[in-house]
Amino acid sequence: MSDNKKLDSKGSEATAPEGYTYSRRRFVEGIGVVVGMVALGTVPALLSAQAPLVVASGNGSEPEGGDVLDYILEEDHAVNYPGKPVSYADPAGSEKWAMVIDVKACVGCRRCVYACVEENNIGRNSGFTYIQVLEMELGKVDIEHANLEYEEAGSPDKWYMPVQCMQCAKPTCVYGCPVIATWKEPDGIVVIDYDKCIACRNCLVTCPYDARHFNWVEPEVPEDERNPDVPLEEKAGVVEKCTFCIQRTRNGGTTACTEACPVGARTFGDLSDPESAVSILLKTRRVWRLKEEYGNEPMIWYVG
Amino acid sequence: MALVTTPRPGVKRFISVDFDLGALRTAGTRYWAFVTILLVGLTLGGLAWGNAMTQGGAAMAMRDAYPWGLWFTNYMYYVGLAAGGLVVYASVHLFGAEQFRPLSRLAVLLAGVFVMMALLGIITDMERPWRAVWMLLTPNPTSPFVYTGSAATLYMIVAFFDLWLLFTGKGGEKLAFRMTLIALPLAIYMHTTTAFVLSMNKSRELWNSAMMVPIFLTSATASGVAVLLIAAYILQHFGILKLTAKMFRSLSTLLATVIIIDLFMLFVEILSIFWPTSAKPGHTMRFSEFLTGRYAFAFVPVLVLGVTAFILLSRRSTRHLPRVQITASALYVIAVFMKRYSLMSMGFAINPLGQYAPPYAPSLTEGLLAIGILSLGMLIVTVSAKVLPLAVPEDEYGHGEALESGRLEPIADGATESG
């Protein structure tokens, strides 16, 4: 039986036209091509995933006798930065922006939300806000059962946690954008190029904080309420999100939400300055970050 | 090889392929009625696209809670359906599965058309389609979208080039074999990267599992083989292809095998989600929606239809019946669509901040767009069935040496028996 098979296969090899045969070698070659293609495909991804680490170790030697928070700054650097600032803002300075939110103080009044909507020309009909305040039961950080739609703020049986774009040091949204229409600027602010966004919404999918929002409709802002410092046109069909009020903070101001908070729960500042309020808070208080285990390295800390 | 014949009237030769336009003139009323229906579907799709372009996202049922909708379900689905064709085509050239040779041209045509439909879904969803050029100019290597998009585009080109090679016989068996060596890895690569679009998201617990990749591969192959089996029966019914019962039995055995692997992997995934030592609350509560929650209507049928299809295909007494094979295939084609839909929408239904959204249903515009794309794909296949030489000439069966060595029986004999 097996002899016959051997003979047959030999016979067919001998008569095969144009040297065409099935062979194990060909098959192995095929497998080789599979592995090769997959490997080729993943190389750039691996390289770019490694790249930040290389940059980080290069920067590590720069600050001498530095601050205890320097290790955070080392992780926070520009990602996919095209070399020129985003069209609607001034170039970044040398700061590293960060925010600390005191959830013990927060009463859930949503004044930060409203101030943000007005400051950033968010469409009144758009159905989203950059800041979302979660109302949660006492006793745990249970996001899965958090309430966004609460009617009455300040309930003593609940606690409140505002969530917005965390300007992550490892922004999954920036990694996920197929066309580099969003990037992290040298001062840590993650921005979106509205003229380049292809509306694939992959950044909405990759963001663990639900911080990105798509303009499904033409954003409508009453003429007299428009902020001339923030782009409004051409926003339909692109993604937008919190920019740490880039139009204010890069000109010496603070964010609208920080300004609006009636209880002073928000502290905004420059993390690269060891004497700034945020730096001092991080050094003197015990802080935590939302979904720390995801490794996004958010630049908003919570303190309670 | 090919006999020199005087071309029949109405046969136009273009890029070395004989387009039998005369066949359209002799086509019956039923054929034209079907084409008319497809043209209506295509027109509706065109109008819907016009509407989507003028109104933008407002015309869609998608919102921040469901950033992707029917277009993405269909992208995954069509890319998957394209797999079957290639698996069959590759098994002819790579593994010597000669019984599938009569199907090879149809298989490759379907593969190309399905991927084209998948890509059209993306283009019609974009509010500014011209910005797609950025995918070529500044691709981001860390985005799975770049890989799946380029793989699909490449795959479509390779499939249509392959089809042309099959029609013209250029390069002979040797080139056909080498094309398989490109096309098969490319197909695996395409399905893998499509799964990556979902699985490479730590923000979405439901998808963030490496098991997504093999499940995508098997679902794709199973649904692809099933749809090919149905298409083959249809073309045989209209006398365009001559196929044997033996070939269909091989195809349905392949289908049953892939279905059971597919179901097995789904089973172990479910097990790891609910096992007390591995269950993570976020993952468990999301998956529970599939079994008992608001997405049960879409996911429970996946399991029921899948198991039914497998049982139909494995019962010894009935599995050779065309009726049974077609039913089982249809069940699995539907099951995989439901799976794609529920996987996509349930992944969004509870957002990263734990907020629920009611189940996603496409808007009229989205639905008509999908119908338009489906009509276009079916129109291409319908016209091709008449115009293009989809039937593999019998002198190519076993391509000579196999016949001589007497290892394989010529399939043509069986074809006349069953017909």
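### Examining the overall build of chain A
On a plain count of helices and strands, chain A comes out with nine helices and 10 strands. By residue count, 52% of the 304 residues in chain A fall in the buried class. Counted over contacts in chain A with a minimum sequence separation of 6, partners at least 24 positions apart contribute 67%. Carbon and sulfur atoms provide 55% of the accessible area of chain A, an area that totals close to 14,000 Å².

### Re unusual backbone geometry
Residue and element names in this part refer to chain A. Even without glycine at this site, Arg 110 takes up a positive phi of about 65 degrees. You can call Arg 110 buried: its relative accessible area is 18%. Positive phi is not limited to glycine here, since Phe 244 has a value of about 55 degrees.

### Here we look at the environment of B:Thr194
Residues and elements named next belong to chain B. By secondary structure assignment, the location of Thr 194 is in helix 7 (residues 172–199). Looking at Thr 194, the relative accessible area reads 1%, which means it is buried. Ignoring anything within four residues of it in the chain, the contact list for Thr 194 reads Tyr 75, Met 76, Val 79, Thr 148 and Phe 216.

### Observations concerning the sheet that holds strand 9 (residues 287–288) of chain A
Residue and element names in this part refer to chain A. An order of 8-1-10-9 is seen for the four strands of this open sheet, with the pairing classed as mixed. Each edge of the open sheet carries a strand with a single partner, namely strand 8 (266–270) and strand 9. Sheet topology note: the strand 1 (residues 97–102)/strand 8 ladder contains five bridges and is antiparallel. Bridge pairing in strand 8 places Ala 98 opposite Gly 269.

### So, the packing of aromatic side chains
How two aromatic rings sit relative to each other is set out by the distance from centre to centre and by the angle between their planes. Counted according to the given criterion, the structure contains 29 aromatic pairs over all chains. Relative to B:Trp164, the ring of B:Phe161 lies with its centre 5.9 Å away and its plane at 25 degrees, an arrangement referred to as stacked. One end of the pair, B:Phe161, and the other, B:Trp164, are both in helix 6 (residues 144–168), three residues apart, so they sit about a helical turn from each other. When the ring centre of A:Phe214 is taken as origin, the NZ or CZ atom of A:Arg201, which lies over that ring, is 5.0 Å away. Of note, B:Lys386 hangs over the ring of B:Tyr31, and the distance from its end group to the ring centre comes to 5.2 Å.

### A look at the interface of chain B and chain A
When the parts come together, some accessible area is lost, and that loss is often what is quoted as the size of the interface. With 63 residues of chain B in contact, the opposing surface of chain A contributes 67 residues. Together chain B and chain A conceal approximately 5,400 Å² of surface at their shared face, both sides included; 59% is due to carbon and sulfur atoms. Where chain B packs against chain A, one counts three salt bridges. Between A:Glu144 and B:Arg286 there is a salt bridge, with the nearest N and O atoms lying 3.4 Å from each other. Remark: the boundary between chain B and chain A carries 30 residue pairs in polar contact (both at pLDDT 80 or more). Only helix 3 (70–93), helix 5 (134–137), helix 6, helix 7, helix 10 (281–291) and helix 14 (401–405) of chain B provide two or more residues apiece to the side of chain B that touches chain A.

### Some details on the packing of helix 9 (residues 245–274) of chain B against helix 10 of chain B
Residues and elements named next belong to chain B. Viewed as axis vectors pointing N to C, helix 9 and helix 10 meet at an angle of 130 degrees, and their least axial separation amounts to 9 Å. Our classification of the angle between helix 9 and helix 10 gives oblique. Considering how the two elements wind past one another, helix 9 and helix 10 form a crossing that is left-handed. Residues Glu 269, Ile 270, Ile 273 and Phe 274 of helix 9 form the contact with helix 10, whose participating residues are His 283, Thr 284, Phe 287, Ser 288 and Leu 291. Of the residues assigned to the contact of helix 9 with helix 10, the class counts are five nonpolar, three polar and one charged.

### Remarks on a nonpolar patch on the surface
All names here are of chain B. Side chains of Phe 34, Ile 37, Leu 374 and Met 378 sit close together on the surface and give an oily, nonpolar patch of about 340 Å² of accessible area. Those elements that provide at least two residues to the nonpolar patch are helix 2 (29–55) and helix 13 (364–387). Relative to the helices and strands, Phe 34 is located in helix 2. On the accessibility criterion, Phe 34 (35% relative accessible area) is partly exposed.

### Structural notes on the pattern of salt bridges
Within the structure shown, the criterion is met by 21 salt bridges over all chains. With a shortest N-O distance of 3.0 Å, A:Asp76 and A:Lys184 are connected by a salt bridge. Separated by 108 residues along the polypeptide, A:Asp76 in the loop between helix 3 (70–75) and strand 1 and A:Lys184 in strand 4 (residues 182–184) bring together distant segments of the chain. What makes A:Asp76 buried here is its relative accessible area of 1%. Between B:Asp262 and B:Lys339 there is a salt bridge, with its nearest N and O atoms 3.1 Å apart. Residue B:Asp262 is found in helix 9, and its partner B:Lys339 is found in helix 12 (residues 322–349); the two are separated by 77 residues along the sequence. Given the relative accessible area of 0%, B:Asp262 is considered buried. Residue B:Lys339 is classed as buried on the basis of its relative accessible area of 7%.

### Considerations on the environment of A:Pro222
Residue and element names in this part refer to chain A. Tracing the sequence through the fold places Pro 222 in the loop between strand 6 (213–214) and strand 7 (239–240). When its relative accessible area of 33% is taken as the criterion, Pro 222 is described as partly exposed. For the pair formed by Pro 222 and Gly 123, sequence separation is 99 residues and the distance between their alpha carbons is 9.1 Å.

### What about the nonpolar core?
Among the nonpolar cores identified, the biggest contains 194 residues, and A:Met161, B:Trp68, B:Leu103 and B:Leu106 are the most heavily contacted of them. At 15 residues, helix 3 of chain B tops the list of elements feeding residues into this core. Not counting residues up to four positions away in its chain, the partners in contact with B:Trp68 are A:Cys200, A:Arg201, A:Asn202, A:Val205, B:Met62, B:Phe145, B:Val197, B:Leu198, B:Met344 and B:Phe348. In terms of nonpolar packing, the next biggest core, distinct from the first, is built from 12 residues, A:Ile72, A:Leu271, A:Trp301 and A:Val303 among them.

### Quick word on the confidence of the model for chain B
For chain B, the average pLDDT comes to 86, and 92% of its residues sit at 70 or higher. Low pLDDT, under 50, characterises residues 400–419 of chain B; the predicted model gives this stretch 32 contacts beyond four residues in sequence or across chains.

### Describing the pairing of strand 3 (residues 158–163) of chain A
Residues and elements named next belong to chain A. Counting buried positions along strand 3 gives five out of six residues, so the element sits mostly inside the fold. Note: strand 2 (residues 132–137) against strand 3, six bridges, orientation antiparallel. Paired with Val 133 across the bridge in strand 3 is Pro 162.

Cut-off values and rules
- Residues numbered from 1 in each chain as written.
- Chains lettered and ligands numbered in written order.
- Predicted model: local features only at pLDDT ≥ 70, side-chain atom pairs only at ≥ 80, totals over all residues.
- Heavy atoms only, no water.
- Helix = DSSP H or I, 4+ residues; strand = E, 2+ residues; numbered from the N terminus.
- Buried < 20%, exposed > 50% of the residue type's maximum accessible area, 1.4 Å probe, protein only.
- Contact = heavy atoms within 4.5 Å.
- Areas by Shrake-Rupley, 256 points an atom, 1.4 Å probe, with all protein chains shown as cover.
- Pairing = 2+ DSSP bridges.
- Phe/Tyr/Trp six-rings, centres within 6.5 Å; stacked < 30°, edge-to-face > 60°.
- Lys NZ or Arg CZ within 6 Å of the ring centre and 35° of its normal.
- Buried area = accessible area lost by both parts, 1.4 Å probe.
- Salt bridge = Lys/Arg side-chain N within 4 Å of Asp/Glu carboxyl O.
- Polar contact = N/O pair within 3.5 Å; in protein donor to acceptor, adjacent residues only side chain to side chain.
- Axes fitted to C-alpha atoms, helices over the stretch in contact; angles between N-to-C directions.
- Parallel < 35°, antiparallel > 145°, perpendicular 65-115°, else oblique.
- Left-handed = near helix turned anticlockwise from the far one by under 90°.
- Nonpolar A, V, L, I, M, F, W, Y, C, P; charged D, E, K, R; others polar.
- Patch = residues over 30% accessible without salt bridge, like charges linked within 9 Å, V, L, I, M, F, W, Y side chains within 5 Å.
- Core = buried A, V, L, I, M, F, W, Y, C linked by side-chain atoms within 4.5 Å.
- pLDDT = per-residue confidence, 0-100.

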